[in-house]
Amino acid sequence: MPMDVSFYYAAIPAVILVGLAKGGMGDALSLIGLPFLALVVSPVQAAAILLPILIFMDMISLVIWRKHGDWTTLKIMLPGALAGIALGWATSALVPGSVLRVVIGIVTILFCLRYFWNNFGPGRGKIVPPHGQRPVRATLWGTFSGYGSFVAHAGGAPFQIYVLPLQMPPREYTGTSARFFAILNAVKLVPYFALGQLDTQNLAASATLLPFAPLATIAGAWCVKRMQPKIFYPFMYAMALIAAVLIAREGLGFQALRDLLRRTIRLP
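Note that the structure is a prediction, hence the values are computed from the model and not measured.

Caption draft 1: Region of interest: the overall build of the protein chain. If you tally the helices and strands in the protein chain, you get 12 helices and zero strands. Mapped in sequence order, the helices and strands of the protein chain form the string α-α-α-α-α-α-α-α-α-α-α-α. The proportion of buried residues among the 268 residues of the protein chain is 50%. Restricting the contact set of the protein chain to residue pairs at least 6 apart, pairs at least 24 apart contribute 85%. With the model as given, the accessible surface of the protein chain reaches about 13100 Å², and the carbon-plus-sulfur share is 70%.

In structure tokens form, the structure reads like this:
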């Protein structure tokens, strides 16, 4: 287990960034945190170390946002999300995570650019009414979210594509997100354990980082609770855009491209 100073130089900022995201500050911070930790351990080990911490943060978020959340959204998105996790587990050895990162990244970038064009571009001032619930779309994006969460740690962007246009009050949006990903992370424990990623060394490393989790999560929630909708939604779309760029960039990396080529033309 990496216990030297360099490990903590990377691991502590990673946990703080992920905690701020869990508090409601946006998925981009979480996506920045994981590569931070991957500077000192492999990406797979980084994800395994962070998963128990994420679940601990989920418990804190559920307490903070216990009075907020939209159950209708959860009911129509969760079945697809659970199916997506199962599909990701079944195909984890067949489908390159880099392909999914690129697809999710590009779709989310277009989604966010459309929002900024309508609100700050030539068409600004045009009122876009909230979308109503759309079960088919909810199932589709829920499936992408569950699949992306398992295969590529990129479940936030598909969730936002469906939920942000509903234009919930900031607290309701954050409470819904907290419940959704708490359930997904708890379910992911089973396949992660089956794949051998939750060994005693990684769990011990997780335990040493747990004290930083509640402070960061509470700080993120404190900021969200003080945001007005006119600030919250541009901020969340900006965070989604940054996250999408990071996802797509990671998917287009050299190693990801080499892995894809190896699968298609059987490189040695």
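The structure having been displayed, the exposition proceeds.
Caption draft 2: Seen up close, the nonpolar core. Counting residues in hydrophobic clusters, the biggest one holds 46 residues, and the most contacted among them are M77, Y162, V163, Y173, F180 and Y233. Those residues in contact with Y173 that sit more than four places away from it in its chain are F159, Q160, V163, L164, M168, F232, Y233 and M236. Residues V15, V41, I49 and I53 belong to the second largest nonpolar core, which totals 17 residues.

Caption draft 3: Structural detail: helix α8 (residues 170–194). Given a rise of 1.5 Å per residue, 25 residues ought to cover 36 Å, and the 37 Å separating the end C-alpha atoms of α8 matches this to within 8%. G196 sits one or two residues past α8 and shows a positive phi near 80 degrees.

Caption draft 4: Representation of a nonpolar patch on the surface in the model. Taken together, the side chains of L82, I183 and V187 define a hydrophobic patch exposed on the protein surface, amounting to about 190 Å² of accessible area. Take L82: it is sitting in helix α4 (residues 71–91).

Caption draft 5: Summary view of the side chain of T217. Relative to the elements of secondary structure, T217 occurs in helix α10 (residues 212–225). On the basis of relative accessible area, T217 is assigned to the buried category, the value being 0%. Of note is the side chain of T217, whose polar atom sits 2.9 Å from the backbone oxygen of A213. Apart from the residues within four sequence positions on either side, T217 is in contact with G19, L20, K22, G23, M57, I60, S61 and I64.

Caption draft 6: Spatial organisation of the packing of aromatic side chains. Across all of its chains, the model carries eight aromatic pairs by this definition. Summarising the aromatic geometry, the rings of F7 and Y8 are spaced 5.0 Å apart at their centres and angled 80 degrees between planes, so their arrangement reads as edge-to-face. Take F7 and Y8: they sit in the same class, and that class is buried. Between the aromatic rings of Y173 and F232, the centroid separation amounts to 5.7 Å while the plane-to-plane angle is 70 degrees, which identifies the pairing as edge-to-face.

Caption draft 7: Fine view of a positive patch on the surface. Together, R66, K67, R171, K225 and R226 give the surface a local cluster of positive charge. Mapped onto the elements of the fold, R226 is located in the loop between α10 and α11 (229–251).

Caption draft 8: Spotlight on α10. A rise of 1.5 Å per residue sets the reference length of α10, with its 14 residues, at 20 Å; its end C-alpha atoms lie 21 Å apart and thus fit the reference within 8%. Of the residues making up α10, those classed as buried are A213, A216, T217, G220, A221 and V224. Burial along α10 is one-sided: seen end-on, the buried residues are contained in an arc of 135 degrees. For α10, the exposed residues lying more than 90 degrees away from the buried face are L215 and W222.

Caption draft 9: The packing of helix α6 (residues 135–151) against α8, seen in detail. Between α6 and α8, whose axes approach to 11 Å, the crossing angle comes to 50 degrees. On the basis of the axis angle, α6 is oblique to α8. Between α6 and α8 lies a crossing of right-handed hand. Residues S145, G146, S149 and F150 of α6 lie in contact with α8, whose contacting residues are F180, F181, L184, K188, P191 and Y192. Looking at the contact of α6 with α8 residue by residue, the class counts come to six nonpolar, three polar and one charged.

Caption draft 10: View of the packing of helix α7 (residues 156–163) against α8. Following both chains from N to C, one finds α7 and α8 inclined at 140 degrees, their axes separated by 12 Å at the closest point. Here α8 runs oblique to α7, going by the angle between their axes. Helix-helix and strand crossings are classified by hand; for α7 and α8 the assignment is right-handed. Along the contact surface, α7 presents G156, F159, Q160 and V163, while α8 presents Y173, T176, S177, F180 and F181.

Reading the values: the criteria
- Residues numbered from 1 in each chain as written.
- Predicted model: local features only at pLDDT ≥ 70, side-chain atom pairs only at ≥ 80, totals over all residues.
- Heavy atoms only, no water.
- Helix = DSSP H or I, 4+ residues; strand = E, 2+ residues; numbered from the N terminus.
- Buried < 20%, exposed > 50% of the residue type's maximum accessible area, 1.4 Å probe, protein only.
- Contact = heavy atoms within 4.5 Å.
- Areas by Shrake-Rupley, 256 points an atom, 1.4 Å probe, with all protein chains shown as cover.
- Core = buried A, V, L, I, M, F, W, Y, C linked by side-chain atoms within 4.5 Å.
- Expected span 1.5 Å × (residues − 1).
- Patch = residues over 30% accessible without salt bridge, like charges linked within 9 Å, V, L, I, M, F, W, Y side chains within 5 Å.
- Salt bridge = Lys/Arg side-chain N within 4 Å of Asp/Glu carboxyl O.
- Polar contact = N/O pair within 3.5 Å; in protein donor to acceptor, adjacent residues only side chain to side chain.
- Phe/Tyr/Trp six-rings, centres within 6.5 Å; stacked < 30°, edge-to-face > 60°.
- Lys, Arg positive; Asp, Glu negative; His and termini not counted.
- Charge placed at Lys NZ, Arg CZ, Asp CG, Glu CD.
- Arc of directions from axis to C-beta.
- Axes fitted to C-alpha atoms, helices over the stretch in contact; angles between N-to-C directions.
- Parallel < 35°, antiparallel > 145°, perpendicular 65-115°, else oblique.
- Left-handed = near helix turned anticlockwise from the far one by under 90°.
- Nonpolar A, V, L, I, M, F, W, Y, C, P; charged D, E, K, R; others polar.

Read these as layout, nothing more, since geometry by itself doesn't imply function.
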